[in-house]
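Take a look at the letters that make up each chain.
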Amino acid sequence: MKADPKADAAAAAPAAGGKGKLFMLIGAAVLVLGLGGGAGWYFMHGSGDAEASEPAKKDHGSSKKKKKEEHPPEYLPIEPFTVNLQPENGDQYLRVAFTLQVDGAEQAELIKANMAKVRSRVLLLLSGKKASEINTVEGKQQLAGEILAVVKTPFDEHGDEQEVSDVLFTEFIIQ
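Everything numeric here is computed off the predicted structure, so don't read it as measured data.

Please clarify how the packing of aromatic side chains should be interpreted in this entry.
A complete count under the given rule lists two aromatic pairs for this structure. Taken together, a centroid distance of 6.0 Å and an interplanar angle of 5° make the contact between Phe81 and Phe98 stacked. Residue Phe81 is found in strand S1 (residues 74-84), and its partner Phe98 is found in strand S2 (residues 93-102); the two are separated by 17 residues along the sequence. Each member of the pair, Phe81 as well as Phe98, carries the same accessibility label: buried. For the pair Phe169 and Phe172, a centre-to-centre distance of 5.2 Å together with 80° between the ring planes defines the contact as edge-to-face. Phe169 gets classed as partly exposed once you look at its relative accessible area, which sits at 27%. Of note, Arg119 hangs over the ring of Phe81, and the distance from its end group to the ring centre comes to 4.1 Å.

Encoded structure:
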């Protein structure tokens, strides 16, 4: 039996049209992925103009702000304190632990080197408190500010203030 040449051509035409559509779909997908990747790169890295103008804005800040941008914060855990509180309703004591957020590893090392002074200052501060002063959220926030102030006080008579930005309580028990 002879094959009909028209039937062969008709059978090949849909196959060729299907391959053409497949190539078009693949080409469109590659184009979309390429554009998406290019746009993602552009947004991640930003335009050169935005980067050039951004440092100019930062230069107008204070030198302390510059230092904060240069050094990521370090967290320095302080060993717990247990102190007797000022008497109100009999004997009460406070057990408190906290972590200092300092501006860079250099500041962390400075505080570690002077830990005896830090602990003494904080101990004197805590032992002068009454339970009623520090058992509220506001009292704890005020205490954190006072701890921050005593830790920031220069270790040397004419030295610079320590760059401590926060006091984070990790344990706080009044009994």
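Would you take a moment to explain the nonpolar core for this structure?
Side chains of a nonpolar character, in soluble globular proteins, are inclined to be buried together. Counting residues in each nonpolar core, the largest one holds 26 residues, and the members touching the most others are Phe98, Leu100, Ile111, Val122, Leu126, Ile147 and Val151. Of all the secondary structure elements, the ones that give two or more residues to this core are S1, S2, helix H4 (105-113), helix H5 (115-127), helix H6 (131-134), helix H7 (137-152) and strand S3 (164-174). Those residues in contact with Ile147, other than ones at most four positions away along the chain, are Phe98, Val122, Leu125, Val167 and Phe169.

Explanation requested: the pattern of salt bridges in the structure shown.
Any two side chains of opposite charge can pair, given that their charged atoms come close. Per the counting criterion, the structure on display carries three salt bridges. A salt bridge links Arg95 to Glu171; its shortest N-O distance comes to 2.6 Å. Placement of the pair is Arg95 in strand S2 and Glu171 in strand S3, with a sequence separation of 76 residues. Since its relative accessible area comes to 31%, Arg95 is described here as partly exposed. Linking Glu109 and Lys112 is a salt bridge whose minimum nitrogen-to-oxygen distance equals 3.6 Å. In this pair, Glu109 and Lys112 are both assigned in helix H4, three residues apart and thus about one turn of the helix distant. When its relative accessible area of 48% is taken as the criterion, Glu109 is described as partly exposed. For Lys112, a relative accessible area of 44% corresponds to the partly exposed category.

Explain a nonpolar patch on the surface here, please?
Taken together, the side chains of Leu22, Phe23, Ile26 and Val30 present a nonpolar region at the surface, about 420 Å² in accessible area. Positionally, Leu22 belongs in helix H1 (residues 5-45).

What should I look at first to understand the sheet that holds S2 in this one?
Hydrogen bonds between backbone atoms are what pair the strands of a sheet, whose relative direction is either parallel or antiparallel. Judged by pairing direction, the sheet is antiparallel, and its three strands sit side by side in the order S1-S2-S3 without closing on themselves. A single partner strand is all that each edge strand has here, and the edge strands are S1 and S3. If you compare each strand with its neighbour and ignore which way they point, the axes differ by 20° on average. In this structure, S1 lies alongside S2, joined through nine bridges in antiparallel fashion. Among the inter-strand pairings, Phe81 is bridged to a residue of S2, identified as Val96. Lying on the sheet, H4 is in contact with S1, S2 and S3; it crosses S1 at an angle near 30°. H5 rests against S1 and S2 of the sheet, and its axis sits at about 45° to S1.

What counts and what doesn't
- Residues numbered from 1 in each chain as written.
- Predicted model: local features only at pLDDT ≥ 70, side-chain atom pairs only at ≥ 80, totals over all residues.
- Heavy atoms only, no water.
- Phe/Tyr/Trp six-rings, centres within 6.5 Å; stacked < 30°, edge-to-face > 60°.
- Helix = DSSP H or I, 4+ residues; strand = E, 2+ residues; numbered from the N terminus.
- Buried < 20%, exposed > 50% of the residue type's maximum accessible area, 1.4 Å probe, protein only.
- Lys NZ or Arg CZ within 6 Å of the ring centre and 35° of its normal.
- Core = buried A, V, L, I, M, F, W, Y, C linked by side-chain atoms within 4.5 Å.
- Contact = heavy atoms within 4.5 Å.
- Salt bridge = Lys/Arg side-chain N within 4 Å of Asp/Glu carboxyl O.
- Patch = residues over 30% accessible without salt bridge, like charges linked within 9 Å, V, L, I, M, F, W, Y side chains within 5 Å.
- Areas by Shrake-Rupley, 256 points an atom, 1.4 Å probe, with all protein chains shown as cover.
- Pairing = 2+ DSSP bridges.
- Axes fitted to C-alpha atoms, helices over the stretch in contact; angles between N-to-C directions.

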